Amino acid sequence: MTDEPTLTERERAVLGVERRSWSGPGAKERAIREQLGMSPVRYYQLLNALLDDPRALAHDPVTVNRLRRVRDARRSRR
């Protein structure tokens, strides 16, 4: 076992929701409320913080890098 801190179960669950593809409007928001027990606003706050967390990058580099690209593209359009 390593001494490096790992993501919490909730942080891993947030990344897991982001890894999935969603059909139809509202499906993702419904899953956030039902599976994670939090509001979509809180979910996106946690997700945004995770994108800058090296532990998240180590845990799921494909998802984190994809979301960083999306975030950076949105910022550059502003």
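Just so you know, these numbers come straight off a predicted model, no measurement behind them. (Residues numbered from 1 in each chain as written. Predicted model: local features only at pLDDT ≥ 70, side-chain atom pairs only at ≥ 80, totals over all residues. Heavy atoms only, no water.)

Novice: Please give an account of the environment of Ala13 that cites residues and values.
Specialist: Its place among the elements puts Ala13 in helix H1 (residues 9-19). A residue is classified by how much of its surface remains accessible, and Ala13, at 27% relative accessible area, is partly exposed. For the pair formed by Ala13 and Leu36, sequence separation is 23 residues and the distance between their alpha carbons is 7.4 Å. (Helix = DSSP H or I, 4+ residues; strand = E, 2+ residues; numbered from the N terminus. Buried < 20%, exposed > 50% of the residue type's maximum accessible area, 1.4 Å probe, protein only.)

Novice: Account for H1, with residues named and values stated.
Specialist: Turning to H1, its buried residues number three or more, namely Glu11, Val14, Leu15, Gly16, Val17 and Glu18. Of the surrounding secondary structure, the elements contacted by the buried residues of H1 are helix H2 (27-36), helix H3 (40-51), helix H4 (54-59) and helix H5 (61-77). (Contact = heavy atoms within 4.5 Å.)

Novice: Please set out the side chain of Thr63 residue by residue, giving values where relevant.
Specialist: Tracing the sequence through the fold places Thr63 in helix H5. Here Asp60 takes part through its side chain, which lies 2.9 Å from a polar atom of the side chain of Thr63. When near neighbours in sequence (up to four residues on either side) are disregarded, Thr63 contacts Leu15, Glu18 and Arg19. (Polar contact = N/O pair within 3.5 Å; in protein donor to acceptor, adjacent residues only side chain to side chain.)

Novice: Lay out the side chain of Lys28 with the relevant residues and their values.
Specialist: Examined against the element boundaries, Lys28 turns out to sit in helix H2. Of the residues examined, Lys28 reaches a relative accessible area of 14% and is grouped as buried. At a separation of 2.7 Å, a polar atom in the side chain of Lys28 contacts the side chain of Glu18. Only 3.5 Å separates the side chain of Lys28 from the side chain of Tyr44, close enough to count as a polar contact. Residues within four places of Lys28 in sequence aside, it is in contact with Val17, Glu18, Trp22, Tyr43 and Tyr44.

Novice: Go over the packing of aromatic side chains with me, naming the residues and quoting the values.
Specialist: Here the structure, examined in full by the defined rule, presents one aromatic pair. Between Tyr43 and Tyr44, the aromatic rings sit 4.9 Å apart at their centres with planes inclined by 85 degrees, giving edge-to-face as the arrangement. (Phe/Tyr/Trp six-rings, centres within 6.5 Å; stacked < 30°, edge-to-face > 60°.)

Novice: Before we move on, could you go through the environment of Pro5 and cite the residues and values that matter?
Specialist: If you trace the backbone, Pro5 turns up in the segment before H1. For the pair formed by Pro5 and His59, sequence separation is 54 residues and the distance between their alpha carbons is 11 Å.

Novice: Can you explain the pattern of salt bridges? Please cite residues and give values.
Specialist: All told, the structure shown has five salt bridges when counted by the stated rule. Two residues, Lys28 and Glu18, come together in a salt bridge whose shortest N-O distance is 2.7 Å. Residue Lys28 is located in helix H2, and its partner Glu18 is located in helix H1; the two are separated by ten residues in the primary sequence. Of the two residues examined, Lys28 and Glu18, each falls in the buried class. Linking Asp53 and Arg55 is a salt bridge whose minimum nitrogen-to-oxygen distance equals 2.6 Å. (Salt bridge = Lys/Arg side-chain N within 4 Å of Asp/Glu carboxyl O.)

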